[in-house]
Amino acid sequence: MITIAEHRQDTRSGVLLVNLGTPDRPTVPAIRRYLREFLSDPRVIETPRAMWLPILYGFILPLRPRKLVHAYASIWTSEGSPLLAIGRAQQAALQRRLGEDTPVALAMRYGRPSIGDALDTLLAQGVRHLVVLPLYPQYSATTTASVYDALFTALKHRRWIPELRTLSGYHDDAGYIDALAASVQRHWDRHGRGEHLLMSFHSIPLRYFQAGDPYYCFCQKTARLLANALHLADGQWSVGFQSRVGRARWLSPYTDARITELARHGVRTLDVICPGFAADCLETLEEVAQRYARDFRAAGGETLRYIPALNADPAHIEALASLIERARAGWTPVTQDQETVHERERRAQSCLRILGI
Ligand SMILES: C=CC1=C(C)c2cc3[nH]c(cc4nc(cc5[nH]c(cc1n2)c(C)c5CCC(=O)O)C(CCC(=O)O)=C4C)c(C)c3C=C
Ligand SMILES: [Fe+2]
Ligand SMILES: [Fe+2]
């Protein structure tokens, strides 16, 4: 039987979800492999290569994995790294929500499953219309743009590329804000309401903001919309930026400094939510829920309660599905339901004859 893969005529839309990536195992070599790829990305580290690579290879890759191994071990699950396990649960839930005719694939910007492998899976399923959804609500060049870089690099090696719609962010999407508000309310109903709600976002170097990255403003808008949805008054909530690396100035106020400050100002119970993380990961489960909770107590606070990321929460899945449905509006599926396998083969044969192959 002769098959010409690229002559498939059916057209369906598919979805590619992309998150940051995580080590394969909580071991020094696996963490080093992951950091090497992540921190070699010029979207993440803009320092000129000639200056950065000696620092990366001379200090960071030899030292940082050893520091991180215990942190990763403390959050690792039977299904692996939380970021990947939750990503798979989000993919499965979206697949159920969108139906079998819309294949949904999950990829990681760094590590596995790679964007190239996920693309191959989708193309093999007849996807000619592709919605790409980076799982970063607040656009930043360090994250969203880097996903685009990797996507277009992967497409460079393919002959028949799909029609694309890329979602660049959803920091003010009503479905997303409502899902966040409902998850805070649910947390308050179950555990009681803290005296203050701190909304903590991943920081980026201040220099990137000064050069035009809109991320800071998108974080502030998400925070304001969430505070409005929860009817919080000024003083009952604030914003912090976490997970900075190195000695340069990053977006502030720094979450760790805010936590100590709130404890010193007499706040005893503090709720912390990280609206920029679509899935829980090292930076929420270890840095915030473990480390910052200890720092809060050490500074005189009593309880820091971390409110989980939206993960595979049904309201989150519904918000993502709605973003996808709006992005693919106007695309109509074309199926080969009238064409039999034999007709298809005959068409392939005559193609070959015409071309004299
Ligand atoms: C050094 C530069 C970094 C920038 C800029 C940065 C931006 C950024 N990152 C996320 C989301 C995540 N980051 C995670 C881990 C992580 N981030 C950096 C560095 C930068 N991030 C490092 C070195 C690491 C590894 C861990 C560590 O060394 O602390 C993760 C978690 C991954 C996991 O395995 O669980 C996420 C998610 C965003 C959203 C962002 C900019 C907006
Ligand atoms: Fe990061
Ligand atoms: Fe970190």
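All figures in this text were calculated on a predicted structure; none of them were measured in a lab.

1. Some remarks on helix α3 (residues 82–98)
Consideration 1: Counted at 1.5 Å a residue, the expected span for α3 with its 17 residues is 24 Å, and the 24 Å between its end C-alpha atoms agrees.
Consideration 2: By the burial criterion, the buried members of α3 are Pro82, Leu83, Leu84, Ile86, Gly87, Gln90, Ala93, Leu94 and Leu98.
Consideration 3: The positive-phi residue at the C-terminal boundary of α3 is Gly99, with phi of around 95°.

2. What about the UniProt feature "binding site: Fe(2+)" (unreviewed entry) in the protein?
Consideration 1: Under the present numbering, the feature "binding site: Fe(2+)" (unreviewed entry) in UniProt falls on His202 and Glu283. Taken along the chain, the residues just named run across 82 residues; in space they keep tight, none of their C-alpha pairs more than 8.2 Å apart.
Consideration 2: Structurally, His202 can be placed in strand β5 (residues 196–202).
Consideration 3: Since 26 C-beta atoms lie within 10 Å of it, His202 is described here as buried.
Consideration 4: Apart from the residues lying within four places of it in its own chain, the contact partners of His202 are Gln242, Ser243, Gly276 and Glu283.
Consideration 5: If you trace the backbone, Glu283 turns up in helix α10 (residues 282–298).
Consideration 6: Among the residues examined, Glu283 registers 19 C-beta atoms within 10 Å and is labelled partly exposed.
Consideration 7: The residues contacting Glu283, other than those within four sequence positions of it, are His202, Gln242, Ser243 and Phe277.

3. Considering the pairing of strand β4 (residues 163–166)
Consideration 1: As defined by bridge partners, strand β3 (residues 127–134) adjoins β4 across four bridges and the pair is classed as parallel. Of the residues in β4, the one forming a bridge with Val131 is Arg165.
Consideration 2: Handedness of the crossover is the feature at issue here: the chain leaves β3, passes through helix α5 (residues 141–156), returns alongside β4, and the resulting connection is right-handed.

4. What about the nonpolar core?
Consideration 1: Residues Val15, Leu16 and Leu133 are the most contacted members of the largest nonpolar core, which totals 84 residues.
Consideration 2: The element that contributes the greatest number of residues to this core is helix α8 (residues 215–229), accounting for seven residues.
Consideration 3: Each of domain 1 (5–22 + 81–169 + 313–327) and domain 2 (174–307) accounts for three or more of the residues forming this core.

Cut-offs applied
- Residues numbered from 1 in each chain as written.
- Chains lettered and ligands numbered in written order.
- Predicted model: local features only at pLDDT ≥ 70, side-chain atom pairs only at ≥ 80, totals over all residues.
- Helix = DSSP H or I, 4+ residues; strand = E, 2+ residues; numbered from the N terminus.
- Expected span 1.5 Å × (residues − 1).
- Buried ≥ 20, exposed ≤ 12 C-beta atoms within 10 Å, placed from the backbone.
- UniProt positions renumbered as here; feature names shortened; annotations may be inferred.
- Contact = placed C-beta atoms within 7 Å.
- Pairing = 2+ DSSP bridges.
- Right-handed = clockwise from strand over helix to strand, strands pointing away.
- Core = buried A, V, L, I, M, F, W, Y, C linked by C-beta atoms within 7 Å.
- Domains from an automatic or database assignment.

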